[in-house]
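# Descriptive structure summary
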Amino acid sequence: EPSLCATTDVISRKPVTLMQAHPNPATETIVLDPLPAGSTSVRVVDGLGHTLSSLPVDRTGRCSIDLKTMPSGLVVLDPVDRNGKSLGRVRAVKL
């Protein structure tokens, strides 16, 4: 089942985007989409807060993440803008 992250516009309080990480849990590859506007890369962080990888966002607003060499456990997928500001987070499990 996909992991979801909804972000809300603080002024209008309307949903802005709904990110999904799928498949979740995953063993080889996980896709994060659609990403929030302004996302330039996705930081992959382990359960201890260590950055495992940083991957570019493709033209379609998706990011495909290769998990094969990453340790099993919780990963946090954190889309960031060009200044490194977090635009939302989704938790996923690497089996």
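Just so it is clear, the structure is predicted and the values come from calculations on it, not from any experiment. What you see as residue numbers is a count from 1 along each chain, following the sequence as written. It should be noted that, the model being predicted, local features are given only for residues of pLDDT at least 70 and side-chain atom pairs only at 80 or more, the latter also being counted only at that level, while totals for whole chains, interfaces and linings use all residues. Each side-chain value is worked out from all heavy atoms of the structure, with water and hydrogens disregarded.

## A look at the pattern of salt bridges
Any carboxyl oxygen of Asp or Glu within 4 Å of a side-chain nitrogen of Lys or Arg constitutes a salt bridge here. Scanning all chains against the criterion turns up four salt bridges. Aspartate 78 serves as the salt-bridge partner of arginine 89, at 3.6 Å between the closest nitrogen and oxygen. Placement of the pair is arginine 89 in the loop between strand E7 (73–80) and strand E8 (90–94) and aspartate 78 in strand E7, with a sequence separation of eleven residues. We call a residue buried when its accessible area falls under 20% of the maximum for its residue type, exposed when it is over 50%, and partly exposed in between, using a 1.4 Å probe and counting protein chains only. Take arginine 89: its relative accessible area is 52%, and that puts it in the exposed class. Members of the salt-bridge network, linked through shared partners, are Arg43, Asp78 and Arg89. Each helix is a run of H or I in the DSSP string that is no shorter than four residues. Each strand is a run of E no shorter than two, and both are numbered from the N terminus.

## What to know about the pairing of strand E6 (residues 63–66)
Burial along E6 is one-sided: Cys63 and Ile65 are buried, and none of Ser64 and Asp66, which face the opposite way, are. Note: strand E3 (residues 29–33) against E6, four bridges, orientation antiparallel. By the bridge assignment, isoleucine 30 is partnered in E6 with isoleucine 65. Strands qualify as paired when DSSP identifies two bridges or more between them.

## Remarks on the side chain of aspartate 46
Within the secondary structure, aspartate 46 is located in strand E4 (residues 41–46). In terms of polar contacts, aspartate 46 uses its side chain to reach the backbone amide nitrogen of glycine 49, at 3.0 Å. In the analysis that follows, any N or O atom pair within 3.5 Å is treated as a polar contact, provided that within protein one partner can donate a hydrogen and the other can accept it, and provided that, for residues neighboring in sequence, both atoms belong to side chains.

## Quick notes on the side chain of asparagine 24
Structurally, the position occupied by asparagine 24 is in the loop between strand E2 (15–22) and E3. Assessed through its relative accessible area of 11%, asparagine 24 is described here as buried. Polar contacts involving the side chain of asparagine 24 include one to the main-chain carbonyl oxygen of arginine 91, which spans 3.3 Å. Among the polar contacts made by the side chain of asparagine 24, one reaches the main-chain amide nitrogen of valine 93 at a distance of 2.9 Å.

## Notes on the sheet that holds strand E5 (residues 51–56)
One open sheet accounts for four strands, arranged E5-E4-E7-E8; its pairing is antiparallel. Each edge of the sheet is formed by a strand with only one pairing partner; in this case those strands are E5 and E8. The sheet shows a mean angle of 25° between the axes of neighbouring strands, direction not considered. As paired elements, E4 and E7 share six bridges and run antiparallel to each other. Across the sheet, residue valine 44 finds its bridge partner in E7, namely leucine 77. Each axis is a line fitted through C-alpha atoms, and for a helix only the stretch in contact is used; angles between axes span 0 to 180 degrees, taken between their N-to-C directions.

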